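Chain and residue survey
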Amino acid sequence: MSPSMSHVRKHGAAIMLVPVLLMFGCTDSAKKTPAAEATTEDPAAVHPEIWPSPKWPFAKDAELEEKVAALLAKMTVEEKVGQVIQGDICCIKPADMKQYHLGSILAGGGSSPGNNERAPAAEWLKLADEFYAASVDTSNGGVGIPMIWGIDAMHGHSNIVGAVLFPHNVGLGATHNPKLLGEIARVTAEQVRTTGIEWTFAPTVTVPQDDRWGRAYEGYSEDPNLVASFAGEFVKGLQGDPASPDFLKGKRVISSTKHFLADGGTEGGRDQGDAKIPETELRDIHNAGYVPAIEAGVQTIMISFSSWNGQKLSGHKGLMTDVLKKRMNFDGFTVGDWNGHGQVAGCTNDNCAAAFNAGMDMFMAPDSWKGLYHNTLNQVKDGTIPMERLDDAVTRILRVKFRAGVFDGAAPSKRPLGGDFKMLASPEQRAIARDAVRQSLVLLKNNGGLLPLASNKHVLVTGDGADNIAKQNGGWTITWQGTGLTNADFPGATSVWGGVKAAVKTGGGSAELSTDGSYKKKPDYAIVVFGENPYAEFQGDLKVQTLPGSMTQHLEIMKKLQDEKIPVVAILFSGRPLWQNRELNLANAYVAAWLPGTEGGGISDVLFRKKDGSVNYDFTGRLSFSWPRDATGTPLNVNREPYDPLFAFGFGLTYAAGAELAALSEDPGIPAELMTTGSYFDKGLPVQPWSLRVSNGPDTTRITTTPVDAIGGRVKVTAIDDQVQEGARRFVFAGDGAATVSVTSEGAVDVSRETNGDVMLLVRLRRDGEAPKDVTIGMSCGANCGGTLPFADTLNSVPAGKFTTVGIMLKCFQKAGVDVSKVDGAIAVQSAGKLDFALSSVKLGTVADKTHTCN
């Protein structure tokens with residue numbers, strides 16, 4: 001059988017859109033729209049009449065409206081402005097809440113009580129009580145409106161150590177099971193409630209069209225129909241059924257569908273980029289999940305960072321007000337994303353009337369809330385923001401708060417489930433999560449019927465993901481990026497190794513673990529676990545759709561095992577489909593496991609047969625994203641022609657219906673230098689198109705071979721070992737004049753998003769001897785553009801003779817004068833003294849052994 005399974009897809013792109021349009025009631029959309037007739041029209045103009053008009057499930061409630069109006073009439077303009085601003089717990093204290101009357105707080109990625117990302121659940125609940133008490137304190141006057149706390153419970157209550165975590169959305173999409181998602185949402189709401197939090201920024205109903213996007217794993221599918229089938233179920237799981245008396249009561253939480261709109265449709269899959277698409281595609285593909293969400297009564301909708309045809313969504317009145325609120329009857333409130341309003345033309349993070357006037361009801365202003373409060377207050381007073389617009393936003397926020405019951409007078413710890421921390425990891429939750437893992441797994445290859453495995457044999461479990469619970473969870477896990485974690489951060493969780501070990505023990509077999517493919521006893525078969533390292537948002541953006549070229553250990557392991565005639569089962573952890581032809585050729589069986597969460601036992605449930613030889617659990621997962629033939633990143637989508645995937649949307653083998661996979665081409669379809677992504681200097685060599693140079697003013701030596709005496713012998717360059725043979729370059733300065741070691745490029749890169757996201761330049765280096773006091777580290781941005789930082793103290797603080805990763809915030813370079821939108825020199829280390837250091841890698845990231853301090 002051909003792996004593309006052409007029979008799965010029996011229709012072309014145009015036909016695929018028909019059910020979407022019928023579902024939305026837009027049967028007139030085939031006619032020429034005004035946009036089609038007016039070729040000179042603004043490409044970001046909307047035509048609300050061609051958009052769907054879902055039914056909001058709540059009739060006007062006279063009693064509720066009377067409560068809201070009465071409260072609004074008592075509020076001062078200062079209190080009203082406070083309600084439309086949300087600050088992050090990183091940058092606001094309970095005392096500020098009392099003074100400024102903010103409507104909400106959030107804990108964004110990396111924010112936590114006391115800045116302790118491993119803070120126990122009780123600390124979260126304590127902080128919730130403190131902010132709540134401050135918000136209702138009327139000792140200084142005011143009406144005392146309870147605040148609400150929002151959080152990214154991305155795959156379970158993923159900020160809390162010990163919580164059961166579910167597969168990320170990319171895996172849940174492969175289940176094709178909306179009812180399961182409703183159950184996951186229900187228990188996630190329970191987890192969130194234990195810590196006193198009322199609001200989760202979920203579900204993400206993006207429809208990713210380019211898998212190179214770093215947030216692709218937050219999407220369920222490339223197919224709008226599948227996304228739409230999940231959206232309403234998930235919203236109801238979180239909030240309850242709008243027709244039920246338990247709506248938003250007790251164990252339920254406020255939902256926020258996101259990110260409106262087309263965050264998954266940006267050009268090149270660039271996070272926070274521009275979706276350059278027609279209005280009909282914006283409506284039919286990217287709006288698909290919002291219709292059922294609104295019909296399910298979703299209370300908040302988060303506005304995207306991204307743009308549509310050049311205009312930022314956060315400032316798009318046509319989409320936020322005319323389409324979403326008026327045409328689509330959304331009567332909850334809109335909330336921005338992390339300082340997203342600051343990206344609107346003419347705005348800054350602390351000054352943006354344009355976003356508010358366009359229809360943003362609540363600013364997410366994590367660290368800019370105070371300046372934004374004062375500027376917004378002044379803009380209301382001088383008429384820049386009409387009082388009518390402010391009253392509308394506050395009315396929408398108050399309605400949601402009344403529906404959520406926060407005016408009932410109970411502190412978060414006194415509400416249902418408050419402090420009931422056993423509900424972070426109940427047996428029911430573990431069972432649901434484990435079942436979700438089983439249902440999410442997609443079998444892509446099972447040559448010779450290797451699977452299911454007998455559990456009475458000797459099994460090797462190997463690879464860097466074999467016993468790595470952080471890797472199997474991915475980003476948005478305890479920390480923003482999901483990095484810097486160990487298995488100890490996941491009490492009660494099970495790795496792949498843990499699941500396999502339990503399975504073979506029950507079956508009378510044995511197992512051993514290694515990370516490098518070695519073993520003490522020759523195994524009957526090996527399970528090799530590998531894949532993407534954790535990432536979140538723009539840090540996961542790819543130029544090519546493959547693992548980084550430096551990530552080759554798993555290939556070496558698989559080749560070694562095959563040479564030793566040991567059958568190989570490959571398990572890939574990833575947030576998206578990737579070019580994997582080499583791995584598919586080396587494996588006898590291959591499983592796409594996505595990012596399965598804490599319950600790795602769900603994988604062994606499917607891999608192993610019962611003692612009597614019968615199937616324990618069959619594979620039921622089917623691709624919700626098309627699988628690529630090459631690494632080019634050419635968008636593949638079941639809704640569009642040309643459509644030539646390796647494995648089509650909906651593909652997935654079972655034990656009952658298997659097929660042999662022939663050898664695949666191992667040509668990635670891209671230049672070899674593009675296989676190494678996300679770094680400037682790796683394993684002692686510059687990554688194309690970057691170059692390693694040693695210079696002294698106009699005298700420059702480009703380092704292509706070693707050893708070499710650069711710039712007339714002032715700097716001696718040799719190759720030394722680090723991690724691999726000759727994996728670093730050592731530089732010995734003679735000390736007879738200024739010299740610079742740099743990694744530069746003829747072109748420039750824009751790292752402004754990374755700078756705003758608190759990303760660091762990570763430099764893996766070794767110091768040999770005391771560093772001179774004049775050592776600096778810098779970046780360049782073209783002719784007469786750049787900045788340097790004193791580096792001697794930091795360099796001398798790392799252990800001599802030992803490779804250490806030093807992190808320098810990109811913001812430090814920006815403050816020093818670097819234009820981070822056009823960096824052409826990733827690093828420059830300069831000294832006139834006798835400096836002796838080695839350089840192994842230079843890349844962007846968030847985890848360092850030592851962090852450079854800058855003023």
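This is a predicted model, so every value here is computed, not measured.

As a further point, take the sheet that holds strand 25 (residues 739-749). Taken together, six strands build an open sheet; the order of strands is 21-20-25-30-27-28 and the sheet is antiparallel. One side of each edge strand has no neighbouring strand; the edge strands of this open sheet are strand 21 (699-702) and strand 28 (786-790). Across this sheet, the average inter-strand angle for adjacent strands is 25 degrees, counted without regard to direction. Across four bridges, the pairing between strand 27 (residues 776-780) and strand 30 (residues 823-831) is antiparallel.

Taken as a whole, this structure holds 44 salt bridges when the rule is applied. The closest approach of N and O atoms between Asp489 and Arg118, which form a salt bridge, is 2.6 Å. Placement of the pair is Asp489 in the loop between helix 17 (469-473) and helix 18 (496-507) and Arg118 in the loop between strand 2 (104-107) and helix 6 (121-136), with a sequence separation of 371 residues. As a salt-bridge pair, Lys179 and Glu233 come within 3.7 Å of each other at their nearest N and O atoms. Separated by 54 residues along the polypeptide, Lys179 in helix 8 (residues 178-194) and Glu233 in helix 9 (residues 224-239) bring together distant segments of the chain. Classification of Glu233 as partly exposed rests on a relative accessible area of 21%. A single salt-bridge network, built from bridges that share partners, covers Lys325, Asp361, Arg389, Asp392 and Arg396.

On to the environment of Glu599. By secondary structure assignment, the location of Glu599 is in the loop between strand 17 (589-594) and helix 21 (601-607). Glu599 sits 145 residues away from Thr744 along the chain, and the two C-alpha atoms are 44 Å apart. Discounting residues that sit within four places of it in the chain, Glu599 has contacts with Val164, Leu165, Arg430, Ala433, Arg434, Val437, Gln472 and Thr494. A polar contact is formed between the side chain of Glu599 and the side chain of Arg430, at a distance of 2.8 Å. Reaching out from Glu599, the side chain makes a polar contact with the side chain of Thr598 at a distance of 2.6 Å.

One can describe the packing of helix 8 onto helix 16 (residues 427-440) by two numbers: an axis separation of 10 Å at closest approach and a directional angle of 145 degrees. Two packed elements cross with a definite hand, and for helix 8 against helix 16 that hand is left-handed. Where helix 8 approaches helix 16, its residues Leu180, Glu183, Ile184, Arg186, Val187, Glu190 and Gln191 are matched on the opposing element by Glu428, Gln429, Ile432, Asp435, Ala436 and Gln439. For the contact of helix 8 with helix 16, the per-class residue count stands at five nonpolar, three polar and five charged.

Turning next to the environment of Val708. When you line up the elements, Val708 lands in strand 22 (residues 708-710). The spacing of Val708 and Ile294 is 414 residues in sequence and 66 Å in space, taken between C-alpha atoms. When near neighbours in sequence (up to four residues on either side) are disregarded, Val708 contacts Ile703, Val715, Lys716 and Val717.

Another aspect to go through is the pairing of strand 31 (residues 836-845). In regular strands, side chains alternate between the two faces of the sheet. Of all the 10 residues making up strand 31, eight are buried; the element is thus mostly covered by neighbouring parts of the structure. Here strand 18 (residues 679-682) pairs with strand 31 via two bridges, running antiparallel. Residue pairing in the sheet places Ser679 in a bridge with Lys843 of strand 31. Sheet topology places strand 24 (residues 724-733) next to strand 31; four bridges connect them, and they run antiparallel. Residue pairing for strand 31: Arg729 is matched across the bridge by Leu839. Where strand 26 (residues 760-767) meets strand 31, eight bridges bridge the pair, whose relative direction is antiparallel. Paired with Leu765 across the strands is Leu839, a residue of strand 31.

Here we take up the sheet that holds strand 5 (residues 254-260). Taken in spatial order, the eight strands line up as 10-7-5-4-3-2-1-11 in an open sheet, and their pairing is parallel. The outermost strands of the open sheet, each flanked by one partner alone, are strand 10 (333-335) and strand 11 (363-364). Bridging between strand 4 (residues 199-200) and strand 5 involves two bridges; their strand directions are parallel. Paired with Trp199 across the two strands is Ile254, which belongs to strand 5. Along the sheet face, helix 6 touches strand 2 and strand 3 (148-151) and points at about 140 degrees away from the line of strand 3. Contacting strand 1 (85-88) and strand 11, helix 14 (residues 369-381) runs over the sheet at an angle of about 165 degrees to strand 1.

Turning our attention to the packing of helix 3 (residues 62-74) against helix 15 (residues 387-403). With their axes 10 Å apart at the nearest point, helix 3 and helix 15 run at an angle of 125 degrees to one another. Classified by the angle between their axes, helix 3 and helix 15 sit oblique to one another. Regarding helix 3 and helix 15, the two cross each other, and that crossing is right-handed. Side by side, helix 3 and helix 15 meet where Leu64, Glu65, Lys67, Val68, Leu71 and Leu72 of the first sit next to Asp391, Val394, Thr395, Leu398, Arg399, Phe402 and Arg403 of the second. When grouped by side-chain class, the residues that make up the contact of helix 3 with helix 15 number seven nonpolar, one polar and five charged.

Bringing the environment of Arg766 into the picture now. With respect to the helices and strands, Arg766 occurs in strand 26. The class of Arg766 is buried, set by a relative accessible area of 15%. Distance from Arg766 to Phe573, taken between C-alpha atoms, is 32 Å for residues 193 residues apart in sequence. With residues near it in sequence (within four places) discarded, Arg766 still touches Ile720, Arg730, Gly801, Lys802, Phe803, Asp836, Phe837 and Ala838. One polar contact links Arg766 to Asp768, side chain to side chain, over a distance of 3.0 Å.

The final tally for this structure, using the stated rule, is four disulfides. The disulfide partner of Cys90 is Cys91, and the gap between their sulfur atoms is 2.4 Å. In this structure the cystine formed by Cys90 and Cys91 twists about its S-S bond by roughly -85 degrees; its chirality is therefore left-handed. Accessibility expressed as a relative area gives 42% for Cys90, which makes it partly exposed. Disulfide partner of Cys781: Cys785, at an S-S distance of 1.8 Å. Every disulfide takes its handedness from the sign of the S-S torsion; for Cys781 and Cys785 that torsion is -90 degrees, giving left-handed.

Before going further, it helps to examine the side chain of Thr188. Among the structural elements, Thr188 can be located in helix 8. A relative accessible area of 2% means that Thr188 is categorised as buried. Of note is the side chain of Thr188, whose polar atom sits 2.8 Å from the backbone oxygen of Ile184. Apart from residues lying up to four places away in sequence, Thr188 is in contact with Ala153, Gly156, His157 and Phe166.

Another aspect to go through is the packing of aromatic side chains. What the rule picks out here adds up to 22 aromatic pairs. On the basis of an interplanar angle of 70 degrees and a centroid distance of 6.5 Å, the ring pair of Trp627 and Phe647 is categorised as edge-to-face. Within this pair, whereas Trp627 is found in the loop between helix 21 and strand 18, its partner Phe647 is found in the loop between helix 21 and strand 18, the two being separated by 20 residues in sequence. Overall, the relative accessible area of 0% leaves Trp627 in the buried class. Accessibility expressed as a relative area gives 0% for Phe647, which makes it buried. Ring pairs connect the aromatic residues Tyr590, Trp594, Trp627, Phe647 and Phe651, which therefore count as one cluster. The side chain of Arg389 reaches across the aromatic face of Phe356, ending 4.7 Å from its centre. Over the ring of Tyr617 we find Arg438; its NZ or CZ atom is 4.0 Å from the centre of that ring.

A few words now on helix 14. Between its first and last C-alpha, helix 14 extends 18 Å over 13 residues, near the 18 Å set by a 1.5 Å rise per residue. If you follow the buried residues of helix 14, they end up packed against helix 4 (77-83), strand 1, helix 5 (94-100), helix 13 (353-358), strand 11 and helix 15. Following helix 14 by one or two positions, Gly383 has its phi on the positive side, about 90 degrees.

The next subject is the side chain of Thr206. Residue placement: Thr206 occurs in the loop between strand 4 and helix 9. Among the polar contacts listed, one links the side chain of Thr206 to the side chain of Asp263, at a separation of 2.9 Å. Within the local environment of Thr206, its side chain forms a polar contact with the backbone nitrogen of Gly264, the two atoms lying 3.2 Å apart. In this structure, Thr206 is in contact with Trp213, Glu218, Gly219, Tyr220, Ser221, Val227, Lys258, Asp263 and Gly264, ignoring residues within four places of it in sequence.

Definitions and limits used
Residues numbered from 1 in each chain as written. Predicted model: local features only at pLDDT ≥ 70, side-chain atom pairs only at ≥ 80, totals over all residues. Heavy atoms only, no water. Pairing = 2+ DSSP bridges. Helix = DSSP H or I, 4+ residues; strand = E, 2+ residues; numbered from the N terminus. Axes fitted to C-alpha atoms, helices over the stretch in contact; angles between N-to-C directions. Salt bridge = Lys/Arg side-chain N within 4 Å of Asp/Glu carboxyl O. Buried < 20%, exposed > 50% of the residue type's maximum accessible area, 1.4 Å probe, protein only. Contact = heavy atoms within 4.5 Å. Polar contact = N/O pair within 3.5 Å; in protein donor to acceptor, adjacent residues only side chain to side chain. Left-handed = near helix turned anticlockwise from the far one by under 90°. Nonpolar A, V, L, I, M, F, W, Y, C, P; charged D, E, K, R; others polar. Parallel < 35°, antiparallel > 145°, perpendicular 65-115°, else oblique. Disulfide = S-S within 2.5 Å. Phe/Tyr/Trp six-rings, centres within 6.5 Å; stacked < 30°, edge-to-face > 60°. Lys NZ or Arg CZ within 6 Å of the ring centre and 35° of its normal. Expected span 1.5 Å × (residues − 1).

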